[in-house]
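Examining the three-dimensional arrangement
Here is what each chain is made of, one letter per residue.
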Amino acid sequence: MSASITALTPAFGAEIIGVDLTLPLDASTRDLIVDTMNHFAVAVIRGVTVSQDDQVAFAKNFGPLDAINGVLQTDIKRRLSADLVDISNMDEQSNILELDDRRRLFNLGNRLWHTDSSFKRIAAKYSMLHAHAIPPVAGETQVCDLRAAYDDLPKDMKEQIGDLVAVHSIFTSRALLGFDNFSPEEHALLPPICRPLVRVHPGSGRKTLYLASHIGRILDCPVAEGRLLVRDLMEHATQPKFVYTHHWRIGDTLIWDNRCTMHRAMPFDESRFKRDMRRATVMETDVAPVDDQNAVATV
Ligand SMILES: [Fe+2]
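Structure report, in brief. Within each chain, residue numbers correspond to sequence positions counted from 1 in written order. Where local features are concerned, this predicted model is filtered to residues with pLDDT of at least 70; where side-chain atom pairs are given and counted, the filter is 80 or more; whole-chain, interface and lining totals use all residues.

**Here we look at the pairing of strand β14 (residues 261-265)**
Within β14, 4 of the 5 residues are buried, which leaves it mostly tucked inside the rest of the structure. By definition, two strands form a pair when at least two bridges between them are found by DSSP. In this text, helices come from DSSP runs of H or I with a minimum length of four residues, and strands from runs of E with a minimum of two, each type numbered from the N-terminal end. Where strand β6 (residues 141-145) and β14 come together, 5 bridges link them in antiparallel fashion. Among the inter-strand pairings, Gln142 is bridged to a residue of β14, identified as Arg264. Our exposure labels follow a C-beta count within 10 Å of each residue's own C-beta, placed from the backbone: buried means 20 or more other C-beta atoms, exposed means 12 or fewer, and partly exposed covers the counts in between.

Below, the structure written as structure tokens:
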């Protein structure tokens, strides 16, 4: 496999050309993809739609996948393999979900800026989102560069936030949209997780913000002040100059590094069109949450 890179901007976003997800990945191409991600943080591989097995096999070249990908506990049969997260507006029969379906209401949280799985004990390293069906207009995915956003902060803000710890919970982001219809079992499955607000990206050595709509408070900080600080930082980080907007084509695989980006889905006409996206999630197995050393957090 002979792959090459086309930068979409000098430092954020690239297209990786010449990679076939249906073929075994050789070491040099794998290294090229990792190097690309370390520099550009988000990359697209264009092609044709691939099978679930091929998508999973490709993603496993970069680490173990998150096998506990469902948050909602349900008896409804899954549409996809247990190794893939269903980012669609479709039910188990591949029909468009009713607008009041609990799965759709939960998935509306993807419209908020977030980083995947920051609320889980093992967070996400890479997300690899593969497009099977897209609406004719809209439904883009936006990704923002939290390294550049950190670099752009005033010096005194960098000093203020350098040692702060944020509390992440999936129930925080869903509550922002008024969705609080979770069972005690679902709450018990995902207790709050503490993570640094600023971290060093291990692949590049760059400092980066680590933000998400899952953050409900900052440790050792009054709730209101913590939430206002996070809101200010998120507004700063999502300025257009830090954002890449991906206009989907069927067969695209968009890869983003959750350790230094946030992303969100853009709206489309969900009552008329299918948007079938399938996500493989490579876990960040080499970093433990802060609460290994601290008391269990509360939201
Ligand atoms: Fe996401």
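**Remarks on the nonpolar core**
To count as a nonpolar core, a set of buried Ala, Val, Leu, Ile, Met, Phe, Trp, Tyr and Cys residues must be joined through C-beta atoms within 7 Å. The biggest cluster of nonpolar side chains holds 58 residues, and the ones touching the most others in it are Val42, Ala43, Leu146, Leu209, Leu211, Ala237 and Ile255. For this core, the element with the highest residue contribution is strand β5 (residues 124-133), accounting for 5 residues. Among residues more than four places away in sequence, those in contact with Leu209 are Leu146, Ala149, Tyr150, Leu197, Val198, Leu233 and Ala237. Phe119, Ile170, Phe182 and Ile193 belong to the second largest nonpolar core, which has 5 residues in total. The contact criterion used here is simple: two residues whose C-beta atoms, placed from the backbone, lie within 7 Å are in contact.

**Side note on helix α2 (residues 52-59)**
Among all positions in α2, only Gln55, Phe58 and Ala59 are buried. Projection of α2 onto a plane perpendicular to its axis shows the buried side chains occupying an angular sector of 95°, all on one side. Packing partners of the buried residues in α2 comprise β5 and β15 (276-283). The arc in question is formed by the directions pointing from the helix axis toward the C-beta atoms.

**Thoughts on helix α1 (residues 27-40)**
With 14 residues, α1 ought to run about 20 Å at 1.5 Å a step, and its terminal C-alpha atoms sit 20 Å apart, in line with that. Those residues of α1 not exposed but buried are Leu32, Ile33, Met37 and Phe40. Projected down its long axis, α1 carries its buried residues within an arc of 135°, all on one side. Exposed side of α1, more than 90 degrees from the buried face: Ala27, Ser28 and Asp31 are the residues found there. Given a helix with a known number of residues, its expected span is that number minus one, times 1.5 Å.

**Some points on the environment of Gly47**
Take Gly47: it is sitting in the loop between β3 (42-45) and α2. A tally of 16 C-beta atoms within 10 Å means that Gly47 is categorised as partly exposed. When the C-alpha atoms of Gly47 and Asp252 are compared, they prove to be 5.9 Å apart, with 205 residues separating the residues in sequence. Setting aside anything within four residues of it in sequence, one finds Gly47 in contact with Asp20, Leu21 and Gly251.

**So, the sheet that holds strand β2 (residues 14-17)**
In sheet architecture, strand pairing relies on hydrogen bonds along the backbone and comes in two forms, parallel and antiparallel. Read across the sheet, 7 strands follow the order β1-β2-β3-β13-β5-β15-β4 without closing on themselves; strand pairing throughout is mixed. Both edges of this open sheet fall to β1 (4-7) and β4 (85-88), since each of them pairs with a single strand only. Going from strand to strand, the sheet's axes swing by 25° on average, the running direction of each strand aside. Interaxial angles span 0 to 180 degrees and are taken between N-to-C directions of axes, which are lines fitted to C-alpha atoms, for helices over the stretch in contact. With respect to the sheet, α2 is in contact with β5 and β15, its orientation differing from that of β15 by roughly 30°.

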